[in-house]
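Topology and contacts: notes
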Amino acid sequence: MLWFYYHERNIDTKMKSGSSYFHIKEDLEAFKSKYYVEFRDQQNKITGIEENGIKNKCEVLNDYYKKVEDFERKHKIKSQAKFRSTVLEEFCGYLFKDLPEIKQLGLNFFNKSIFAGLKIASNGDMKIQTKDVDFCIGKEFKVVVEKKEVDLIIPLVAIECKTYLDNTMFSEGQFTAQKLKNGTPNVKVYIFTERNEVGLSNLPSQSPIDEVFVIKENETAIDYKVVYDFFKVVRFEIQNAKRENNIKLPGRLLNIKQ
């Protein structure tokens, strides 16, 4: 069962007693029932995975972003509240939910406790390292470690979602990517961001991040073609997991993905 309603959870959390936004509970409830539920239902109804289907999903997202922006402005919701940033995290679920490879490989969506390697703890025991990410496509396995059964979430694709990307966030993304690749060398790590504020001259020639996809410029609408490119790249990596790498000689030895 795929679960990826991270934005809905963010809204629900803000309505709980003790939240710094509890005082606008009634407005949050109205926003959820009037706008969010419609957004969620419309996205779930779009099952196409070709360019036109992705375009339709982006159109629904663009319309919802307007509602989100108005609500944030009215109630002075801070970026730290992740009200807007969780929209893109949830949107990743809508993008990939209908890929046949997800079901064929028994994959699922995650965002907590992704496997990031092993280390020796201070007491000499082996410790499993994990990392939280914004969105991950992977698979959970039960394995026995030192006679104990543990659950490991092995990532196939990890995605960091941003409303905007600056130098600090890019550095943090590189750290996350390297941690994940220490545990699973073949994992692909992408940044999926609305806007970019990293100077092009500051981009490294080599990075543990495999690609950065910027889907809009300033206040313009989302460029669905960039989103579709992102979708195709991620799908290729998922499909690649299904392929058997049979090297035929004479021929190409290292480039086995083609």
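On a predicted model such as this, the values are computed, not experimentally measured, just so you know. (Residues numbered from 1 in each chain as written. Predicted model: local features only at pLDDT ≥ 70, side-chain atom pairs only at ≥ 80, totals over all residues. Heavy atoms only, no water.)

1. Observations regarding the layout of surface pockets
When its volume is computed, the largest pocket comes out at roughly 1000 Å³. Ser-79, Lys-82, Ser-85, Thr-86 and Glu-89 are, among the 38 residues lining the largest pocket, the residues nearest its centre. Looking at the lining of the largest pocket, the elements with two or more residues in it are helix H1 (6-14), helix H3 (51-75), helix H4 (85-96), strand S5 (148-165), helix H6 (167-183) and strand S6 (188-196). In terms of residues, the lining of the largest pocket owes the most to one element, S5, which gives 5 residues. Of the residues in the lining of the largest pocket, the class split is 8 nonpolar, 11 polar and 19 charged. Looking at the second largest pocket, it is lined by 17 residues, and the ones nearest its centre are Leu-156, Asn-186, Val-187, Glu-237 and Ala-241. Those elements that provide at least two residues to the lining of the second largest pocket are strand S4 (135-145), S5 and helix H7 (224-242). (1 Å grid on protein atoms, 1.4 Å probe; cavity = no way out; pocket = protein on both sides within 12 Å on 5 of 7 lines; lining within 4 Å. Points joined across faces, edges and corners; volume = space filled by probe spheres on them. Helix = DSSP H or I, 4+ residues; strand = E, 2+ residues; numbered from the N terminus. Nonpolar A, V, L, I, M, F, W, Y, C, P; charged D, E, K, R; others polar.)

2. As for the side chain of Lys-57
The residue Lys-57 is located in helix H3 in this model. No salt bridge is formed by the buried Lys-57, whose closest oppositely charged neighbour, Asp-98, lies at an N-O distance of 4.1 Å. Polar contacts involving the side chain of Lys-57 include one to the main-chain carbonyl oxygen of Tyr-94, which spans 2.7 Å. Dropping the residues within four chain positions of it, Lys-57 is found in contact with Gln-43, Ile-46, Gly-48, Phe-91, Tyr-94, Leu-95 and Asp-98. (Buried < 20%, exposed > 50% of the residue type's maximum accessible area, 1.4 Å probe, protein only. Lys, Arg positive; Asp, Glu negative; His and termini not counted. Salt bridge = Lys/Arg side-chain N within 4 Å of Asp/Glu carboxyl O. Polar contact = N/O pair within 3.5 Å; in protein donor to acceptor, adjacent residues only side chain to side chain. Contact = heavy atoms within 4.5 Å.)

3. Describing the packing of helix H2 (residues 25-45) against H4
Relative orientation of the contacting elements H2 and H4 amounts to 25°, with a least axis distance of 9 Å. With respect to H4, the element H2 is oriented roughly parallel. The segment H2 lies against H4, with Tyr-36, Phe-39, Arg-40, Gln-43 and Asn-44 engaging Glu-90, Phe-91 and Tyr-94. When the residues that make up the contact of H2 with H4 are grouped by side-chain class, the tally is 4 nonpolar, 2 polar and 2 charged. (Axes fitted to C-alpha atoms, helices over the stretch in contact; angles between N-to-C directions. Parallel < 35°, antiparallel > 145°, perpendicular 65-115°, else oblique.)

4. Comments concerning the pairing of strand S3 (residues 126-131)
Relative to S3, strand S2 (residues 114-120) runs antiparallel, the two sharing 5 bridges. Across the sheet, the residue bridging to Ile-120 is Met-126, located in S3. What sits between S2 and S3 in their antiparallel hairpin is a turn of 5 residues, with Gly-124 showing a positive phi close to 95°. (Pairing = 2+ DSSP bridges.)

5. A short note on the nonpolar core
Ranked by size, the top nonpolar core spans 52 residues in total, and within it Phe-96, Ile-137 and Phe-192 carry the most contacts. Counting residues per element, the ones that place at least two in this core are H1, H2, H3, H4, S4, S5, S6 and H7. The greatest single-element share of this core, amounting to 8 residues, is contributed by H3. Ile-114, Val-133, Leu-165 and Ile-209 belong to the second largest nonpolar core, which has 16 residues in total. (Core = buried A, V, L, I, M, F, W, Y, C linked by side-chain atoms within 4.5 Å.)

6. Overview of the sheet that holds strand S1 (residues 108-110)
Either a parallel or an antiparallel arrangement is found when strands of a sheet pair, and the pairing is made through backbone hydrogen bonds. As summarised here, the arrangement of the 5 strands in space is S1-S4-S5-S6-S7, forming an open sheet in which the pairing is mixed. The open sheet has two edge strands, S1 and strand S7 (211-214), and neither has a second partner. When the angles between neighbouring strand axes are averaged without regard to direction, this sheet yields 40°. Direction of pairing for S1 relative to S4: antiparallel, over a ladder of 3 bridges. In the sheet register, Phe-110 faces S4, and the bridge partner there is Cys-136. Sheet strands touched by H6: S5, S6 and S7. Its angle to S5, the strand with the most contacts, is close to 160°.

7. Examining the environment of Phe-135
Structurally, the position occupied by Phe-135 is in strand S4. Assessed through its relative accessible area of 0%, Phe-135 is described here as buried. The spatial distance from the C-alpha of Phe-135 to the C-alpha of Glu-160 is 6.5 Å, given a sequence separation of 25 residues.

8. A look at the packing of H2 against H3
Two numbers describe how H2 lies on H3: the axes approach to 9 Å, and their chain directions differ by 170°. On the basis of their axis angle, the class for H2 and H3 is roughly antiparallel. The segment H2 lies against H3, with Asp-27, Leu-28, Phe-31, Tyr-35, Tyr-36, Phe-39, Gln-42 and Gln-43 engaging Lys-57, Val-60, Leu-61, Tyr-64, Lys-67, Val-68, Phe-71 and His-75. Its residues placed into classes, the contact of H2 with H3 shows 10 nonpolar, 3 polar and 3 charged.

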